[in-house]
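Notes for the structure review
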Amino acid sequence: MDKIKLAVYWASSCGGCDIAIVELGEHLLELAQVADLVFWPAAMDFKYRDVEAMPDGNIDVTLFNGAIRTEHDAHIAALLRRKSRCLVAFGSCAMEGCIPALANIQGKERALHRAALETPTTDNPTDVMPASITVIPEGELQLPALCNLLRPLEQVVPVDYTIPGCPPHHDQVWQVLQQVIHGELPARGALLGVDPLTVCDQCPRTREGKVRVDRFLRPHEFIADPDRCLLEQGLVCAGPATHAGCGALCVNANMPCRGCYGPPDGVADQGAAMLDAIVAAMDGQSDAEIRRVLGTIVDPVGTFYRFSLGSSFLQQLVASAMGAAPCAAPSGEETHG
């Protein structure tokens, strides 16, 4: 049997999705027997020109992790879409924007200013800002321009499948790769490596069904009871509004679910679903009391939309208010969506 041609790409993200592949461990040897890595620049010295020279559709499967933050990201997304028979949004950044998409609230200029001048670990005494072109004696140094809006992959090019997670668990990754190897993938458009439940459904903790807290706390402010529902103890746990598939790793480690596997089936906006779950559990309390308790949640947008802002209704409002193209189409290519 001919080996499948596999590609992996890292756009704007932290690199954790590439580590999830490395964590396949001994399964990497099994993968090497049935697949040829034709492009994985995070791991080996591949060149973009190698991909450009390939016939369209030459790559069987591309695992594309990271969101579209720069014009270069958009260009490579379009390139890999052409060259791949199957393009997979791999991980939360590619699926829904993840934490980097929170920068969309205040815009790219604020994000750039924060990164270049204000972070505690930044050493920039002369307040130099990154430039697209910097002239030096040897020539020009170039950086790709930031797009006006960070977007998930499917807002730029058509996507065949999605694998959620920040990062996807390595057992889940191997399960999906086996489906690829044996030609057992479901119909296009499916979410891979997940269960048709929520994290809350798989959580072993005891629930009373009511939230009776005076205020919501953050995980570092107290040690939670390992047997009781975290939400009912005053920790914002996204389990009721998050797709199962991770094995409830965080709640089993006495930490609240943060929502990295995205919304359950049929839910269009994960943040709204999470807020709805909390309010529903506070049934019987007055509107004023509910509003007061909800007001104790620190950073509501970052809490409810930590991973999903880029695919949320809020993103649509931000894009509408912006009134400009999210990103200039590079090299004459058209962006999607």
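Helix and strand counts for the protein chain come out as 13 helices and 11 strands. The C-alpha atoms of the protein chain give 22 Å as radius of gyration, which agrees with the globular expectation for 337 residues (20 Å, within 12%). Considering the protein chain as a whole, with its 337 residues, one finds that 45% of them fall into the buried category. Of the roughly 16900 Å² of accessible surface on the protein chain, a fraction of 54% belongs to carbon and sulfur atoms. Of the charged side chains in the protein chain, 25 are positive and 41 negative, and the gap between their average positions amounts to 3 Å.

Another aspect to go through is the pattern of salt bridges. Tallied over the entire structure, the rule returns 11 salt bridges. A salt bridge links Asp-60 to Arg-85, with the nearest nitrogen and oxygen atoms 2.7 Å apart. On the criterion of sequence distance, the pair formed by Asp-60 in strand S3 (residues 59–65) and Arg-85 in strand S5 (residues 84–90) is long-range, its members being 25 residues apart. Note on Asp-60: relative accessible area 18%, which makes it buried. Judged by its relative accessible area of 54%, Arg-85 is exposed.

Another point: the environment of Ala-187. Assignment of secondary structure puts Ala-187 in the loop between helix H7 (170–181) and strand S10 (195–198). C-alpha of Ala-187 to C-alpha of Tyr-161: the two residues are 26 residues apart in sequence and 8.9 Å apart in space.

In this model, Cys-166 is joined to Pro-167 through a cis peptide bond whose omega is -10°. Unusually for a residue other than glycine, Ala-248 sits at a positive phi of about 55°.

For the structure on display, the rule yields 0 disulfides. The thiol of Cys-14 is not disulfide-bonded; the next cysteine sulfur, from Cys-166, is found 5.7 Å away. Here Cys-86 is not disulfide-linked; the sulfur of Cys-17 is the nearest cysteine sulfur, at 16 Å. By relative accessible area, Cys-86 is classed as buried at 5%.

What follows covers the confidence of the model for the protein chain. When pLDDT is averaged along the protein chain, the result is 91, and 96% of the positions lie at 70 or above. Highest mean pLDDT in the protein chain belongs to S5 (98); lowest belongs to helix H13 (residues 313–322) (81). Within the model, the stretch residues 329–335 combines pLDDT values under 50 with 12 contacts to residues more than four positions away or in other chains.

Okay, the side chain of Ser-312 next. One can find Ser-312 in the loop between helix H12 (300–304) and H13. Residue class for Ser-312 comes out buried when judged on its relative accessible area of 1%. Other than its neighbours up to four places away in sequence, Ser-312 contacts Asp-269 and Tyr-305.

As a further point, take the packing of aromatic side chains. With the rule as written, the count across this model stands at 5 aromatic pairs. On the basis of an interplanar angle of 5° and a centroid distance of 5.9 Å, the ring pair of Tyr-9 and Phe-39 is categorised as stacked. Placement of Tyr-9 in strand S1 (residues 4–10) and of Phe-39 in strand S2 (residues 35–39) is noted, with a sequence separation of 30 residues between them. A relative accessible area of 1% places Phe-39 in the buried class. Relative to Phe-46, the ring of Phe-39 has its centre 6.1 Å away and its plane inclined at 65°; by these criteria the two rings are edge-to-face. Here the aromatic residues Tyr-9, Phe-39, Phe-46, Tyr-48 and Phe-64 are joined through ring pairs into a cluster of three or more.

Take the environment of Arg-151 next. Within the secondary structure, Arg-151 sits in strand S8 (residues 146–151). Relative accessible area serves as the criterion here: at 3%, Arg-151 is assigned to the buried category. C-alpha separation for the pair Arg-151 and Ala-67, spaced 84 residues apart in sequence, amounts to 5.9 Å.

This part covers helix H11 (residues 287–294). If you check which residues of H11 are buried, you get Ile-290, Val-293 and Leu-294. Buried residues in H11, looked at end-on, bunch into an arc of 100°, giving them a common side. Turned more than 90 degrees off the buried face of H11, the exposed positions are Ala-288 and Arg-291. Looking at the packing, one finds that the buried side of H11 touches helix H10 (270–281).

What counts as what
- Residue numbers here run from 1 along each chain, matching the order of that chain's written sequence.
- Where totals are concerned, whole chains, interfaces and linings use all residues; where local detail is concerned, this predicted model gives features only for residues with pLDDT of at least 70, and gives and counts side-chain atom pairs only at 80 or more.
- Only hydrogens and water are set aside when side-chain values are computed; all heavy atoms of the structure are taken into account.
- Elements are defined by DSSP. Helices are runs of H or I of four residues or more, strands are runs of E of two residues or more, and each kind is numbered from the N terminus.
- We compute the radius of gyration over the C-alpha atoms and compare it with the globule rule, which gives 2.2 Å times the number of residues raised to the power 0.38.
- When accessible area is computed with a 1.4 Å probe and restricted to protein chains, residues below 20% of their type maximum are described as buried, those above 50% as exposed, and intermediate ones as partly exposed.
- Shrake-Rupley sampling with a 1.4 Å probe provides the accessible areas, and residues are treated as covered by the protein chains on show and by no other component.
- We count Lys and Arg on the positive side and Asp and Glu on the negative side, and we leave His and both chain ends out.
- In plain terms, the charge of a residue is placed at NZ if it is Lys, CZ if Arg, CG if Asp and CD if Glu.
- Should a side-chain nitrogen of Lys or Arg be within 4 Å of a carboxyl oxygen of Asp or Glu, the pair is scored as a salt bridge.
- Here, the term disulfide refers to a pair of cysteine sulfur atoms separated by no more than 2.5 Å.
- One confidence number per residue, pLDDT, is output by the predictor and ranges from 0 to 100.
- Note on definitions: a residue-residue contact is assigned when non-hydrogen atoms from the two residues lie within 4.5 Å.
- Between the rings of Phe, Tyr and Trp (Trp by its six-membered ring), a pair exists once the centres lie within 6.5 Å; its type follows the angle of the planes, with under 30 degrees stacked, over 60 edge-to-face, and the other angles tilted.
- Our arc is simply the arc of the directions from the helix axis toward the C-beta atoms.

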